[in-house]
Each structure stands twice: as structure tokens, then as C-alpha cells.
Amino acid sequence: MIPQPSAMAMVPFVSVQDMMTLVNKIGIAQMIADIADEIEADYRRWPQFDKTPRVPAHSAEGVIELMPTSDGETYGFKYVNGHPANMARGFQTVTAFGVLARVDTGYPILLSEMTVLTALRTAATSVMAARHLAPKTARTMAMIGNGAQCEFQALGFQKVIGIDTVRLFDIDPAATAKAAKNLQGSGLTVVKCKTAEDAVTGADIITTCTADKQYATVLTDNMVGAGQHINAIGGDCPGKTELHRDILLRSDIFVEYPPQTRIEGEIQALDPDHPVTELWQVICGDAPGRTDSRQITLFDSVGFATEDFSALRYVHRQLRDNGTYQDLDMIADPDDPRDLFGMVRRAAPN
Ligand code: NAD
């Protein structure tokens, strides 16, 4: 008889379908808000985390990255890719999956899709940063780049920051039309704009989430005015940025983990010692965030491992009460731990 796997060997797997069920049960905006709180709680205990810039494998088409971290009790990593040319082939630009594991035994405790979860955690991180950096009176956001991340950002900013108007622009009008349609009924006033200049007019917050593997100039210096908050999420790889350098020189710049952002963020265009503020210090009250109404604040987002860790832990906690998942037989579990060979032999057909 083929031995059956024991409960210890089973690892919950959250598929894309399971994630969609969970997200629709909790609500997209609510889940972004919940994950923002989870990420912020982990930023408050930043020194406890094992941190390293993510490990990339670059190619002409894009990048594949591993993002590991640990808080000493739980280990997590995400596999993620970024392939801007994928969209034209009918594929996602960004896909991902992630794992949580126990530090004491090394055994995995969760395997989850993270393509949907990355969109939620990226929006959650953006609103967490904006909570500390954007003007408190902000009601209008420009959204430049209306691809896969766009609606998640818009709904997150509506829920957590109180944005009531989004001004959309994409070089592909079909993307703007898609986003506008998806945001119908959200309560947001949605304005479709013909140029990026038009989109930023009257905006308190500018979110850039374009995908292009080059030093792009999605925003020029004249497009950014006093008091605005810029949420720059699309520049997240060496050689892939969105903002003109002059904007950086006029802004107070906030980053996740400097050793990674210096390699991947907008600040790769600046001197390596150009001052930046670490977001966790603002959140802990150790460094100032927005200090006056004319200040330009820039969140130079690249996405950091602890944010995925926080999002995975949130999903893991939901499994008991809210989640649908499948148990995967992922860990070899012989009766005698040294008899791995015997376990394989006993499973052989006669
Ligand atoms: P996507 O390919 O689905 O959408 C990108 C959109 O940008 C497309 O609709 C495209 O037409 C548009 N675009 C390209 N160049 C433009 C320009 N110059 N002006 C206006 N629009 C332009 O990609 P996505 O999944 O929405 O991701 C967007 C970007 O965000 C990617 O670069 C991705 O790598 C990055 N990202 C960052 C994080 C983070 O944590 N910082 C997380 C996820 C994704």
C-alpha cells in the first residue's frame, strides 16, 4: 500500500482562484486597508527583520527576483518577475508566488499565489506611505499608467486616504478605458485624460505605475508643483525609472530599504550619498515625514520583502475562518526521518 502523507507534511496552498474568493469575501478596498495596517505594524519592528536587497536574474526582456526575509520566527520569500513586453503578448507584466516557513524547523507553512496579492500589497504600501507623507487635504490623485496595478491603487487611496477623484492617463487609451470601466460604481469621480500634463492638473497626489524597461520620463519637472505627494511605483529595476532627475532634486525622498532602492529606484539617477529618509523611521516617529504644505514628498517605491511577508501572514491568518485552500503534499515525511530511501522504495509498484 502506498503510504499516505501525514498532516505535518501537508502545506496549505492558496491558488489564484482561492485568492479571488478571499479578496471578494473581504472586499478589495478593505483587504488593502487591512494589509496596510499589517505592513505598518511590521515596519514598526523593522530592526527585528533580516533584510537584504532582492536577488535578481536580469535578461533583455525583464527580470526575475527572489525576495527573502525573516522576523526570527517565520521566514518568507516571494518569487516575482517584471517583463514589460509581456502585456503585448497577452501575458501579465508581473506574476508572483510566495512561501512562509517556520524558522525553528524550516518547514513551509504556506504556499500562495502572489500576483493578485502583490497588487494588493503594493497598493497597501503606497497608502501606508501616503498616510504619513501626502497632504491631509488630498482629494485628487493622478494615475499615470492604467495597467494591472491601477484600480487597486485607486481603491486603496479612496479607502485609506480619502481620495474622491482619480485622473487617469495611459499611452494606450484602451488601458484607461478599462480602468475607468472597472472603477464605475466605486464612488470615485473618474476623469479620463489625454495627456500626462492634463492628468496631473489639480492633483494632490501623483501615482506613476507605468511599465517600460528604460529610463523613461513619465513626469517632467514642470509637471510637479509645491505640496504634491508623488507615489512612484513603476521605476523598480536598474535602468527602469519614471521621473526626470530634476524632480528628485526638489523632493524629499522616502524609501523602503536604501541598499535595494539605490540599485532599483528612481534614486539610481542620483549620487549614491544623496540623502533619503527610511520610511520605517517616519512610521516610528524617529524622522520627519511631511513637515509643511509646500514640500514635495516622493515615495520612491520598489517593493520590499517585508511587505510581502506581512501580506502572506495576513493571508495565512485568514485561512482558518475565511479562506479556501488546498492541502499540498510538499514535505517528505518518512516514519524514520533517516529512512527517506526506504519511504521511496515502499511506494514502488510491486
Ligand atoms: P502593466 O503592464 O499591466 O501596466 C503598465 C501600463 O503602463 C500599461 O497600460 C502601459 O500602456 C502604460 N505605460 C507605459 N509607458 C507609459 C508612459 N510613458 N506613460 C503612460 N503610460 C505608460 O503593469 P503593472 O502590473 O500595472 O505594473 C506597473 C509598473 O509597476 C511596472 O513597472 C511594475 O514593475 C511596477 N510594480 C512595482 C511594484 C512596487 O512595489 N513598486 C509592485 C508591482 C508592480
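Just so it is clear, the structure is predicted and the values come from calculations on it, not from any experiment. (Residues numbered from 1 in each chain as written. Predicted model: local features only at pLDDT ≥ 70, side-chain atom pairs only at ≥ 80, totals over all residues. Heavy atoms only, no water.)

**Considering the overall build of the chain**
Going by this rule: Only DSSP runs of H or I with at least four residues qualify as helices, and only runs of E with at least two residues qualify as strands; both kinds are numbered from the N terminus onward. Between the two quantities, the radius of gyration covers C-alpha atoms and the globule rule is 2.2 Å times the number of residues to the power 0.38. Exposure categories follow from relative accessible area, calculated using a 1.4 Å probe and restricted to protein chains: below 20% of the type maximum is buried, above 50% is exposed, and the middle band is partly exposed. Every residue pair with non-hydrogen atoms within 4.5 Å of one another is taken to be in contact.
When its secondary structure is counted, the chain shows eleven helices and 17 strands. The C-alpha radius of gyration computed for the chain amounts to 21 Å, which stays within 12% of the reference 20 Å derived for 350 residues, consistent with globular compactness. With respect to the three principal axes, the spread of C-alpha positions in the chain is 75 × 45 × 40 Å. Residues counted as buried form 51% of the 350 residues belonging to the chain. Counting contacts in the chain only where the partners sit at least 6 residues apart, residues at least 24 apart contribute 71% of the total.

**Looking at the site of the ligand**
Let me state the cut-off plainly: A cutoff of 4 Å decides nearness: a residue is near a molecule or strand if any of its heavy atoms lies inside that distance of it. Polar contact criterion, stated in full: a pair of N or O atoms within 3.5 Å, where within protein one must be able to donate a hydrogen and the other to accept it, and residues adjacent in sequence count only if both atoms are side-chain atoms. As a working rule, the residues Ala, Val, Leu, Ile, Met, Phe, Trp, Tyr, Cys and Pro are called nonpolar, Asp, Glu, Lys and Arg charged, and the rest polar, with Gly in that last group.
Taken together, 26 residues lie near the ligand, and Thr 93, Asp 170, Thr 210, Asp 236 and Lys 240 sit nearest. The separation between an oxygen atom of the ligand and a polar side-chain atom of Asp 170 is 2.6 Å. In this structure, an oxygen atom belonging to the ligand sits 3.4 Å away from a main-chain N or O atom of Gly 303. Its residues assigned to classes, the shell around the ligand shows twelve nonpolar, nine polar and five charged.

**As for the nonpolar core**
As a reminder of what qualifies: Here, nonpolar core refers to any group of buried Ala, Val, Leu, Ile, Met, Phe, Trp, Tyr and Cys residues whose side-chain atoms link them within 4.5 Å.
Met 19, Met 31, Ile 35, Leu 117, Ile 163, Val 166 and Leu 279 are the most contacted members of the largest nonpolar core, which totals 64 residues. Here this core takes ten residues from helix H3 (residues 115-133), the largest share from any one element. When neighbours within four sequence positions are excluded, Met 31 is seen to be in contact with Met 19, Leu 22, Val 23, Ile 26, Leu 117, Leu 120, Tyr 314 and Val 315.

**Section: the packing of aromatic side chains**
Cut-off, in case you're wondering: Put simply, two rings from Phe, Tyr or Trp (the six-membered ring, in Trp's case) pair if the centres are within 6.5 Å, and we call them stacked under 30 degrees between planes, edge-to-face over 60, tilted for the rest.
For the coordinates displayed, the defined rule picks out six aromatic pairs. On the numbers, 5.3 Å between centres and 85° between planes, the contact of Phe 49 with Phe 309 is edge-to-face. With Phe 49 in the loop between helix H2 (28-43) and strand S2 (55-58) and Phe 309 in helix H10 (residues 305-321), the pair connects residues that are 260 residues apart, well separated along the chain. Just as Phe 49 is buried, Phe 309 falls in that class too. Both rings, one in Tyr 79 and one in Phe 97, keep their centres 5.1 Å apart while their planes meet at 15°; by these two values the pair is stacked. Of this pair, Tyr 79 sits in strand S4 (residues 74-82) while Phe 97 sits in strand S5 (residues 96-102), and the two are 18 residues apart along the sequence.

**Some details on the environment of Arg 167**
With respect to the secondary-structure elements, Arg 167 resides in strand S8 (residues 165-169). Using a relative accessible area of 16% as the deciding quantity, one classes Arg 167 as buried. As a C-alpha pair, Arg 167 and Ala 154 span 13 residues in sequence and 9.9 Å in three-dimensional space. Not counting residues up to four positions away in its chain, the partners in contact with Arg 167 are Thr 140, Met 141, Ala 142, Met 143, Val 191, Cys 193, Asp 198, Ala 199 and Thr 201.

**A few points about the sheet that holds strand S15 (residues 277-278)**
Under the convention used in this document: Note: two strands are recorded as paired if DSSP finds a minimum of 2 bridges between them. Comment: axis = line fitted to C-alpha atoms, over the contacting stretch for helices; angle = value between 0 and 180 degrees taken between N-to-C directions.
Pairing within the open sheet is parallel, and its eight strands lie in the order S9-S8-S7-S10-S12-S16-S14-S15. With one partner strand each, in any of the chains shown, strand S9 (189-192) and S15 form the two edges of the open sheet. Two elements, strand S14 (residues 252-255) and S15, share two bridges in a ladder whose sense is parallel. Pairing of Phe 254 across the sheet is with Thr 277, part of S15. Across the sheet, H3 lies against strand S12 (229-232), S14 and strand S16 (297-300), angled at about 155° from S16, the strand it touches most. Sitting on the sheet, helix H4 (residues 150-161) is in contact with strand S7 (140-144), S8, strand S10 (205-208) and S12, with an inclination near 165° to S7.

**Describing the side chain of Glu 113**
The test is simple: Charged residues are defined narrowly, with Lys and Arg counted positive, Asp and Glu counted negative, and His plus the chain ends left uncounted. In the sections that follow, a salt bridge refers to a side-chain nitrogen of Lys or Arg positioned within 4 Å of a carboxyl oxygen of Asp or Glu.
Structurally, Glu 113 is set in strand S6 (residues 108-113). Salt bridges are absent for the buried Glu 113, whose nearest opposite-charge side chain, Lys 78, sits at 9.6 Å. Ignoring any residue separated from it by four or fewer positions in sequence, one finds Glu 113 in contact with Val 14, Ser 15, Val 16, Met 19, Ala 96 and Phe 97.

**Details of the sheet that holds strand S3 (residues 63-70)**
Ordered in space as S2-S3-S4-S5-S6-S1-S17, the seven strands form an open sheet in which the pairing is mixed. Looking at the sheet topology across the chains shown, the edges are occupied by S2 and strand S17 (326-329). Each adjacent strand pair in this sheet contributes to an overall mean axis angle of 20°, direction not counted. Bridging between S3 and S4 involves eight bridges; their strand directions are antiparallel. Bridge pairing links Ile 64 to Asn 81 in S4.

**Focus on the pairing of S6**
Of the strand pairs in this sheet, strand S1 (residues 10-14) and S6 are connected by two bridges, and their pairing is parallel. When the sheet's bridge partners are listed, Val 14 is paired in S6 with Ser 112. Pairing analysis gives five bridges linking S5 to S6, with the strands arranged antiparallel. In the strand pairing of S6, Ala 101 is matched with Pro 108. Where S5 folds back onto S6 in an antiparallel hairpin, the turn is made up of five residues, including Gly 106, whose phi is positive at roughly 80°.

**Regarding the pairing of S5**
The element S5 is extensively covered by neighbouring structure, given that five of its seven residues are classed as buried. Relative to S5, S4 runs antiparallel, the two being bridged by seven bridges. What sits directly across from Tyr 79, in S5, is Phe 97.

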